[in-house]
Amino acid sequence: MQELGARLGARIEAIRQQNPRAQHAIWGISVVDLAAGSSLYAENADKLLQPASNTKLFTTVTALALVGADYKFLTTVETEKRPDKLGRIAGDVILVGRGDPNLSGRVLPYAGKTERLTPHTRVLDELADQVAAAGVKVIDGDIVGDDSYFVYERYAEGWTQDDLMWDYGAPVSALTVNDNLLFASLKPGERTGDRALLTLDPYTNYYSVRNLATTTGRGTTRDIGISREPGSLDLVFWGTIPLEDPGDDEALAIEEPATANAEFFRTLLQQRGILVHGKVREQHSYTWQFLPPQDNQPLVVPTESVPARVVLAQHQSTPLLEDLRVINKVSQNLHVEMMLRLIGKLRGVSGSLSGGLDAEKKFLTEQVHLDPDEFSFYDGSGLSRSDLATPHAFTQLLQYAYAQPWAARFRDTLPIAAEDGSLSTRFKGTLAANHLEAKTGQLGQVNSLSGYAVTKLGHNIAFSILINHHTLGNAKAKQMIDDIVTAVLEED
């Protein structure tokens, strides 16, 4: 074993020597034999490093263990009383979210790539159809977006301001539609000087939109800018786009999901001829309602009871496992953040970030038997720059999951080398192709890869490679990780 470790160490160092910048980075590597449970190679395996999206492995393993692969989400449209004989509802109509991440046009099960059907609000369309079929003609009250199933905490500690406008930083809500995104498409006009053609899908009046982008002549360079200040509902597009340019498509985060998604739903009801007299508003629950008692004071939680309401429409999700595949295959941040809050709701003190993290930590220390000094998480996705874990913690987690009854289902959620998800273009023509399932990770100056592989001698291994504080660039860092993994598989 020592001889193998020495050979691997020499090959790994040779790979790093190819780029002087690699010498200035911090490397953490752990490789274990799953059958023997022994370490094959370790370098800084006990050092806390930023894991980026490898953090999702901890969240998805916890979800499988504590919530279960077959859990289903329920979304409902509710009111206090049934419509009267004329189809009138005297009060509010409430769209109640309970954490379903796939109220969208996403095609499930995931099959190699993300596919979406339009309209992106098709689940809301189905719910609106059910409301109309229930005989509703007039709603005197408001359309309420109720995301109180989770605590109102849209973002986690360590997310940066420049994350929040884009799809990967979309705000968390128990009422999530279309991943809380708008798809913006900007195309050139017919003539030079024309205003560029901007479309938003799904269309909404939620944002105040200014399109300042103009069309320029053929052969010029596309130069498009988009801005929205945190907390602002002003969305500005500017710059230039040349004639015959194929266009610029962006996925932009919604600021307040419960409000915006209630607005979508109101529009869909009106399209079905239902008259809505009221306004759109949101219903949240807040962290203070679930804080533990301080200074020996009893915990005070609002006790206002909600009477049993009439369900006008409902939608049940596909099993939770289908979304875990989306999370790990394409590294979906919002969905895994919702998964963490679901863990807190079902197995912790509340559907909050802290509730989920506390339940996860309890599981990792008591059932996986991780040393609590080897991990520190502030979110479920790894978008937080405050997350830390050791390579050893990753391989210990992977060893635990490998021994569970649901091991095969968990491995099926991971990207396959040279085949699908975030590994579809990596490891092509290598020993790892179709013999490796692993989770990728990427932040500024951080790259990671952790998962399972089969060596050339047929041994099953778990591995984790984390690179921090590097200036290699993502492409080179990924290639060096891939070269190291290939060396491990060839040397065994």
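Below you will find a few notes about this structure. Small disclaimer: the values here were computed from a predicted structure and weren't measured.

**Thoughts on unusual backbone geometry**
For the bond running from L108 to P109, omega is 5 degrees, close enough to zero to count as cis. Position of P109 among the secondary structure elements: in the loop between β5 (93-96) and α3 (122-133). Here the amide bond leading from T118 into P119 is cis, since omega sits at 0 degrees, within 30 degrees of zero. Mapped onto the elements, P119 comes out in the loop between β5 and α3. Residues other than glycine seldom take positive phi values, yet H369 does so here, at roughly 65 degrees. Position of H369 among the secondary structure elements: in the loop between α7 (353-366) and β18 (375-376). Its identity is not glycine, yet Q445 carries a phi of approximately 65 degrees, on the positive side. As for its position among the elements, Q445 is in the loop between β20 (436-443) and β21 (446-454). Overall, Q445 belongs to the partly exposed group, its relative accessible area being 48%.

**Describing the pattern of salt bridges**
For the coordinates displayed, the defined rule picks out 33 salt bridges. The salt bridge involving R88 is made with D140; its shortest N-O contact spans 2.9 Å. Residue R88 is located in strand β4 (residues 88-89), and its partner D140 is located in the loop between β6 (138-139) and β7 (143-151); the two are separated by 52 residues in the primary sequence. For R88, a relative accessible area of 35% translates into the label partly exposed. Accessibility expressed as a relative area gives 29% for D140, which makes it partly exposed. Salt bridges linked by common partners bring R7, R11, E490 and E491 together as one network.

**Examining the sheet that holds β20**
Read from one edge of the open sheet, five strands run β2-β1-β22-β21-β20, paired in antiparallel fashion. Either end of the sheet is taken by a strand with one partner, and the two such strands are β2 (39-43) and β20. Neighbour-to-neighbour, the strand axes of this sheet turn through a mean angle of 5 degrees, independent of strand direction. Bridge analysis of strand β1 (residues 26-33) against strand β22 (residues 460-468) gives eight bridges, and the strand direction is antiparallel. Pairing of V32 across the sheet is with A462, part of β22.

**As for the sheet that holds strand β8 (residues 181-187)**
Pairing within the open sheet is antiparallel, and its three strands lie in the order β9-β8-β14. Where the open sheet ends on each side, the last strands, each with one partner, are β9 (197-201) and β14 (248-253). Across this sheet, the average inter-strand angle for adjacent strands is 20 degrees, counted without regard to direction. In the sheet, β8 pairs with β9 via five bridges, with the strands oriented antiparallel. Counterpart to S185 in the pairing with β9 is T199.

**A few points about the pairing of β8**
Among the seven residues of β8, five are classified as buried, and the element is accordingly described as predominantly covered. Direction of pairing for β8 relative to β14: antiparallel, over a ladder of six bridges. Bridged to S185 within β14 is D249.

**Brief notes about helix α5 (residues 320-330)**
For the α-helix, the turn length of 3.6 residues means that residues three or four positions removed from each other point alike. Among the 11 residues in α5, 10 count as buried, and that is most of the element. Considered for burial, the residues of α5 that qualify are L320, L321, E322, D323, L324, R325, V326, I327, N328 and K329. Elements in contact with the buried residues of α5: α2 (55-66), α6 (333-347), α9 (407-411) and β20. Where α5 ends, the next residue or the one after it, S331, has phi of about 60 degrees, a positive value.

**A word on the packing of aromatic side chains**
Overall, the coordinates contain 13 aromatic pairs when judged by the stated rule. Arranged with centres 5.7 Å apart and planes meeting at 45 degrees, the rings of Y149 and F150 form a pair that is tilted. You can call F150 buried: its relative accessible area is 1%. Pairing Y152 with Y286 gives two aromatic rings, centres 5.8 Å apart and planes at 75 degrees, and the pair type is edge-to-face. Placement of the pair is Y152 in the loop between β7 and β8 and Y286 in the loop between β16 (280-285) and β17 (310-316), with a sequence separation of 134 residues. For Y152, a relative accessible area of 22% translates into the label partly exposed. Pairwise contacts between aromatic rings join F58, F375, F377 and F394 into one cluster. Note that K345 overlies the ring of Y149, its terminal NZ or CZ placed 4.5 Å from the centroid. If you follow R411 out to its NZ or CZ, it ends over the ring of Y452, 4.7 Å from the centre.

**Some thoughts on the nonpolar core**
F58, V61, L324, L364, F410 and Y452 are the most contacted members of the largest nonpolar core, which has 59 residues in total. No other element matches the seven residues that α6 contributes to this core. Every residue in contact with F410, bar those within four places of it in the chain, is listed here: L57, T60, V61, L64, N328, L398, A401 and Y452. Listed in part, the 43 residues of the second largest apolar core include L127, L175, I254 and F265.

**Some thoughts on the environment of R325**
As for its placement among the helices and strands, R325 is situated in helix α5. Put simply, R325 and H469 are 144 residues apart on the chain and 30 Å apart in space, counted from C-alpha to C-alpha. Those residues in contact with R325, other than ones at most four positions away along the chain, are P109, Y110, V330, D412 and T413.

**Things to note about α2**
If you check α2, its first and last C-alpha atoms are 17 Å apart, about what 12 residues at 1.5 Å a residue would give, namely 16 Å. Within α2, 11 of the 12 residues are buried, leaving the element largely enclosed by the surrounding structure. Those residues of α2 lying buried are T55, K56, L57, F58, T59, T60, V61, T62, A63, L64 and L66. Trailing α2 by a residue or two, G68 shows a phi angle of about 105 degrees, which is positive.

Conventions and cut-offs
Residues numbered from 1 in each chain as written. Predicted model: local features only at pLDDT ≥ 70, side-chain atom pairs only at ≥ 80, totals over all residues. Heavy atoms only, no water. Helix = DSSP H or I, 4+ residues; strand = E, 2+ residues; numbered from the N terminus. Buried < 20%, exposed > 50% of the residue type's maximum accessible area, 1.4 Å probe, protein only. Salt bridge = Lys/Arg side-chain N within 4 Å of Asp/Glu carboxyl O. Pairing = 2+ DSSP bridges. Axes fitted to C-alpha atoms, helices over the stretch in contact; angles between N-to-C directions. Contact = heavy atoms within 4.5 Å. Phe/Tyr/Trp six-rings, centres within 6.5 Å; stacked < 30°, edge-to-face > 60°. Lys NZ or Arg CZ within 6 Å of the ring centre and 35° of its normal. Core = buried A, V, L, I, M, F, W, Y, C linked by side-chain atoms within 4.5 Å. Expected span 1.5 Å × (residues − 1).

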